[in-house]
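Overview (structure and organization)
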Amino acid sequence: MVDPGAHVIDEVVATFFAAPRSYTAEDLVEISCHGSPVVLRFAIERACAAGARLAEPGEFSLRAFLNGRVDLAQAEAVRDLIDSTTLYQARVAAQQVEGSVSRRIQPVKEQLLELIALLEAGIDFAEDDISVAPTEEILRRLDPVTHALAQLICTFDYGKLVHSGITLAIVGRPNVGKSSLFNRLLEQDRAIVTEIPGTTRDVVSEVAAIDGIPIRFVDTAGIRTGQDLVERLGIERSYQAMADADLTLVVIDLSQPLQPGDLALIDRAQRQGRYVLVGNKSDLPRAAEPAEELVAVSAVTGQGIDRLREKIVPAAARDQESGFITSLRHEQLLRESVEALEQARKAAQLGIPHEMLLLDLYAALRPIDAITGATTADDILNRIFSTFCIGK
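Residues numbered from 1 in each chain as written. Predicted model: local features only at pLDDT ≥ 70, side-chain atom pairs only at ≥ 80, totals over all residues. Heavy atoms only, no water.

Below, the discussion takes up the overall build of the protein. For the protein, the helix and strand inventory stands at 14 helices and 8 strands. Buried positions account for 44% of the 392 residues belonging to the protein. Of the roughly 21,000 Å² of accessible surface on the protein, 53% is carried by carbon and sulfur atoms. (Helix = DSSP H or I, 4+ residues; strand = E, 2+ residues; numbered from the N terminus. Buried < 20%, exposed > 50% of the residue type's maximum accessible area, 1.4 Å probe, protein only. Areas by Shrake-Rupley, 256 points an atom, 1.4 Å probe, with all protein chains shown as cover.)

In structure tokens form, the structure reads like this:
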């Protein structure tokens, strides 16, 4: 690569990809040069001077989609792969780029299209003595489609945590060792630790990864009857952090008998959602015997910390096999599809004409198309004529 004065700027590698064996399924040339920002900028300027233009945001992935190289779900996964902050997130995104979500949705879409083709054929060619599917047959075909989509929706609980991470609030009475536990889980001295009750007066947060999932740890003020305005404000923020968290660690002091404040916090955590009861100071003589299961740890010695780490992600959401959804857009679209399928089921049971039933089936197909890509009228026609011996 030379400048206008024929001076060598860099030695580069130019790679030609012949269509359709490129990312965009078009003829493509990649120029690889050394990573200096000056060199890269110069390469782009020379390319533009020769007639190229700068790509719009996401244009290469858009071209890949328009050329049939990837479907919408795979194209969206490219963005997730770029935005991933842990190797596990990257691995999940890479699976989706390769079509893990599409492979789960496509068979369901195929079943729905077969049912649509069956009813369309019965309507369009009724005069040719093509039998229209009875209600029992329609319901038999509808049920597995609805069940499969409902199962996929359930995977979003885990998928959103993989995509966005987990917010974990550490709560408890003053001086039970919340900040020490916070530091031990982070493996760094992030929060101030003293023997003075009420040292932490505001929420302190830090992000770390457990099992490849980003965890935002939130250390909160000790919850008790506030001694002054600042501490009372800190306690209010503790309650708010607890309400906003995906998972709460309720910390008690195993070296002391259970206090009413401990029981009140446990009850609050039970009512608000997922939580893990943690008994700290397990290295001291034990005086607390709570009625429910807990994880005994010592923030001082590190005893039980690994076991606690192992429980955090499963407690926040059940692990899933590959093919779970991580996009809120996909989850909402699948819910729309299931609602339309439920309407179709009711219509079939009421004996509503198939012309009206098809409206619900197409309403169920459209959200799926918004994930995988559109279904054309030709797709439906091809299925009709491939399934029935019409027009001999």
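A separate point is the environment of Asp219. You can see Asp219 is positioned in strand β5 (residues 213-219). The class for Asp219 is buried, based on a relative accessible area of 0%. Each C-alpha atom of the pair Asp219 and Ile170 lies 5.3 Å from the other, and the pair is 49 residues apart in sequence. Reaching out from Asp219, the side chain makes a polar contact with the side chain of Ser179 at a distance of 2.6 Å. (Polar contact = N/O pair within 3.5 Å; in protein donor to acceptor, adjacent residues only side chain to side chain.)

Below, the discussion takes up empty space enclosed by the protein. Applying the stated criterion across every chain yields a total of 1 cavity of 30 Å³ or more. The volume enclosed by the largest cavity comes to roughly 50 Å³. Lining the largest cavity are Ala73, Glu76, Ala77, Arg79, Asp80, Gln96, Val101, Thr326, Ser327 and His330. Taken together, the residues of the lining of the largest cavity break down into 3 nonpolar, 4 polar and 3 charged. (1 Å grid on protein atoms, 1.4 Å probe; cavity = no way out; pocket = protein on both sides within 12 Å on 5 of 7 lines; lining within 4 Å. Points joined across faces, edges and corners; volume = space filled by probe spheres on them. Nonpolar A, V, L, I, M, F, W, Y, C, P; charged D, E, K, R; others polar.)

This brings us to unusual backbone geometry. Cis geometry marks the peptide bond from Ala19 to Pro20, where omega comes out at 5 degrees. With respect to the element layout, Pro20 can be found in the loop between β1 (13-17) and β2 (28-32). Although it is not a glycine, Ala25 adopts a positive phi angle of roughly 65 degrees. In this fold, Ala25 is placed in the loop between β1 and β2. Judged by relative accessible area, which is 16%, Ala25 ranks as buried. At Lys281, a position not held by glycine, the phi torsion is positive, near 65 degrees. Looking at the secondary structure, you find Lys281 in the loop between β7 (275-280) and β8 (295-296).

Another point: the layout of surface pockets. Here the largest pocket is characterised by a volume of approximately 840 Å³. Taken together, 25 residues make up the lining of the largest pocket; nearest its centre are Val29, Ala47, Ala52, Arg53 and Phe60. Looking at the lining of the largest pocket, the elements with two or more residues in it are β2, α1 (37-49) and α2 (59-66). With 6 residues, α1 is the single largest residue contributor to the lining of the largest pocket. Residue composition of the lining of the largest pocket, by class: 16 nonpolar, 2 polar and 7 charged.

Pairs of packed helices are described in terms of their axes, by the angle between the two and the distance that separates them. For the pair helix α3 (residues 72-83) and helix α4 (residues 87-97), interaxial distance at closest approach is 8 Å and the crossing angle is 160 degrees. Considered as vectors, α3 and α4 are oriented roughly antiparallel to each other. By crossing handedness, the relation of α3 to α4 is classed as left-handed. Residue-level contacts link Gln74, Ala77, Val78, Asp80 and Leu81 of α3 to Ala90, Ala93, Ala94, Gln96 and Val97 of α4. Here the residues of the contact of α3 with α4 sort into 7 nonpolar, 2 polar and 1 charged. (Axes fitted to C-alpha atoms, helices over the stretch in contact; angles between N-to-C directions. Parallel < 35°, antiparallel > 145°, perpendicular 65-115°, else oblique. Left-handed = near helix turned anticlockwise from the far one by under 90°. Contact = heavy atoms within 4.5 Å.)

Turning our attention to the packing of aromatic side chains. Under the defined criterion, the tally for this structure stands at 1 aromatic pair. Both rings, one in Tyr158 and one in Phe324, keep their centres 5.2 Å apart while their planes meet at 80 degrees; by these two values the pair is edge-to-face. Residue Tyr158 is located in helix α7 (residues 156-164), and its partner Phe324 is located in the loop between α11 (305-316) and α12 (328-349); the two are separated by 166 residues in the primary sequence. Given the relative accessible area of 4%, Tyr158 is considered buried. (Phe/Tyr/Trp six-rings, centres within 6.5 Å; stacked < 30°, edge-to-face > 60°.)

With that out of the way, let us pick up the confidence of the model for the protein. Mean pLDDT over the protein works out to 83, with 84% of the residues at or above the 70 mark. Within the protein, the lowest mean pLDDT, 58, falls on helix α14 (residues 377-387), and the highest, 96, falls on β1. A low-confidence stretch, residues 196-201 (pLDDT under 50), is modelled with 20 contacts involving residues beyond four sequence positions or located in other chains. (pLDDT = per-residue confidence, 0-100.)

For the rest of this paragraph, the subject is the nonpolar core. Ranked by size, the top nonpolar core spans 35 residues in total, and within it Leu112, Leu119, Ile138, Leu149, Leu341 and Leu361 carry the most contacts. The biggest single contributor to this core is helix α5 (residues 100-124), with 9 residues. Among the nonpolar cores identified, the runner-up in size contains 33 residues, and Tyr88, Val92, Ile213 and Val278 belong to it. (Core = buried A, V, L, I, M, F, W, Y, C linked by side-chain atoms within 4.5 Å.)

Another aspect to go through is the pattern of salt bridges. Evaluated as defined, the whole model comprises 15 salt bridges. Two residues, Glu59 and Arg63, come together in a salt bridge whose shortest N-O distance is 3.2 Å. Pair noted here: Glu59 and Arg63 are both in helix α2, with a separation of 4 residues, about one helical turn. Judged by relative accessible area, which is 31%, Arg63 ranks as partly exposed. The residue Asp253 makes a salt bridge to Lys281 at a minimum N-O spacing of 3.2 Å. Taken together, the positions of Asp253 in strand β6 (residues 247-253) and Lys281 in the loop between β7 and β8 put the pair 28 residues apart, joining distant regions of the chain. For Asp253, a relative accessible area of 3% puts it in the buried group. Linked through salt bridges whose partners overlap, the residues forming this network are Glu26, Arg53, Glu59 and Arg63. (Salt bridge = Lys/Arg side-chain N within 4 Å of Asp/Glu carboxyl O.)

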